[in-house]
Amino acid sequence: MNAIVPAANNLPSRTHLGDRNEIAAVHSRLASMMQLPADVPADVIWAAAQIAAAHHLDPFVGELYIMPTGAKKNEATGVWEQQYRAHVGVKGLRKIAREQANFTAKFTPMESDEVQRYRRDMYHPDDIGVRCTLWRLDVARECKDSDVPYEPVVGVGFWRVKAQWHSAKKEWMADNIPNTWTAQQVSEKRAEINAIKLAYDL
């Protein structure tokens, strides 16, 4: 990820990426109010502020957040360091998508044999798969007016038992499940994210 240079004289007064004062204000709130881990790099916070300003996303309601992406060994020091990145959540993707056109979606659980076809040798019987069928309403109307068959997009999402190999513990770690969520909801969220990305230019 490229660093966002915070110096005011290096930022244009106004671009499609956001106003420099707005970016600085969002950065200040993120740094002071989000209770971020102390080791989050400054450029990641600036990147999150840039994305929030450019797309009018609110990080305080889950539209955008800074997430850990795993540890990486620093070759110079030999120390494993946690990595982070700015991430647009499903709420943010819905917001950006609906600025282009409204949509409706339906979730369908996947049968175990279908999940196994996707997961192959990484499959575990407790894996959960969901299919999200998404209808983009403007395209559906255009197809109807033109007498052209309309096909919705379909995204798939999974909650996985074998999600990440923990090199220190020498064992597989399952996907994280946020507090108050279920594995089913994690799968639905991922399926919807994939469907939105298929249906819209984001």
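Up top is the structure these notes are about.
Computed from a prediction, not measured in an experiment: that's the story for all the values here.

Novice: Explain the pattern of salt bridges residue by residue, including any values.
Specialist: The final tally for this structure, using the stated rule, is 8 salt bridges. A salt bridge links E192 to R94, with the nearest nitrogen and oxygen atoms 2.7 Å apart. Of this pair, E192 sits in helix 6 (residues 183-199) while R94 sits in helix 3 (residues 90-100), and the two are 98 residues apart along the sequence. For D113, the salt bridge is made with R117, and the minimal N-O distance between the two is 3.9 Å. Taken together, the residues D113 and R117, both in helix 4 (residues 112-119) and 4 residues apart, mark about one turn of the helix.

Novice: Give a detailed account of the nonpolar core, specifying residues and quantitative values.
Specialist: Ranked by size, the top nonpolar core spans 17 residues in total, and within it L30, V40, A48 and I66 carry the most contacts. Among the elements of the structure, helix 1 (20-33), helix 2 (42-55), strand 1 (64-73) and strand 2 (80-88) are those that each provide at least two residues to this core. Here this core takes 7 residues from helix 2, the largest share from any one element. Ignoring sequence-local partners within four residues, the contact set of L30 consists of L36, I45, A48, A49 and P59. Counting residues in hydrophobic clusters, the runner-up holds 14 residues, among them V90, L93, L134 and Y200.

Novice: How would you summarise the environment of G62 if you had to cite specific residues and measurements?
Specialist: Within the element layout of this structure, G62 appears in the loop between helix 2 and strand 1. Residue G62 is classed as partly exposed on the basis of its relative accessible area of 31%. Along the sequence, G62 and V90 sit 28 residues apart, while their C-alpha atoms lie 8.3 Å from each other. In contact with G62, other than residues within four places in its own chain, are G89 and K91.

Novice: If you had to explain the sheet that holds strand 3 (residues 103-109) to someone new, which residues and values would you point to?
Specialist: Strand order in this open sheet of 3 strands is 3-4-5, and the pairing throughout is antiparallel. Each edge of the open sheet is held by one strand with a lone partner, namely strand 3 and strand 5 (153-159). Going across the sheet, the axis of each strand differs from the next one's by a mean of 25°, ignoring polarity. Where strand 3 meets strand 4 (residues 128-136), 7 bridges bridge the pair, whose relative direction is antiparallel.

Novice: Describe the layout of surface pockets, listing the residues and the values that go with them.
Specialist: Taken as a whole, the largest pocket encloses approximately 1700 Å³ of empty space. Residue lining of the largest pocket: 45 residues in total, with Y65, M67, H87, K189 and R190 positioned closest to the centre. Broken down by secondary-structure element, the contributors of at least two residues to the lining of the largest pocket are helix 2, strand 1, strand 2, helix 3, strand 6 (164-166) and helix 6. The leading source of residues in the lining of the largest pocket is helix 6, at 9 residues. Per-class residue counts for the lining of the largest pocket are 21 nonpolar, 14 polar and 10 charged.

Here is what the cut-offs are and how they apply
- Residues numbered from 1 in each chain as written.
- Predicted model: local features only at pLDDT ≥ 70, side-chain atom pairs only at ≥ 80, totals over all residues.
- Heavy atoms only, no water.
- Salt bridge = Lys/Arg side-chain N within 4 Å of Asp/Glu carboxyl O.
- Helix = DSSP H or I, 4+ residues; strand = E, 2+ residues; numbered from the N terminus.
- Core = buried A, V, L, I, M, F, W, Y, C linked by side-chain atoms within 4.5 Å.
- Buried < 20%, exposed > 50% of the residue type's maximum accessible area, 1.4 Å probe, protein only.
- Contact = heavy atoms within 4.5 Å.
- Pairing = 2+ DSSP bridges.
- Axes fitted to C-alpha atoms, helices over the stretch in contact; angles between N-to-C directions.
- 1 Å grid on protein atoms, 1.4 Å probe; cavity = no way out; pocket = protein on both sides within 12 Å on 5 of 7 lines; lining within 4 Å.
- Points joined across faces, edges and corners; volume = space filled by probe spheres on them.
- Nonpolar A, V, L, I, M, F, W, Y, C, P; charged D, E, K, R; others polar.

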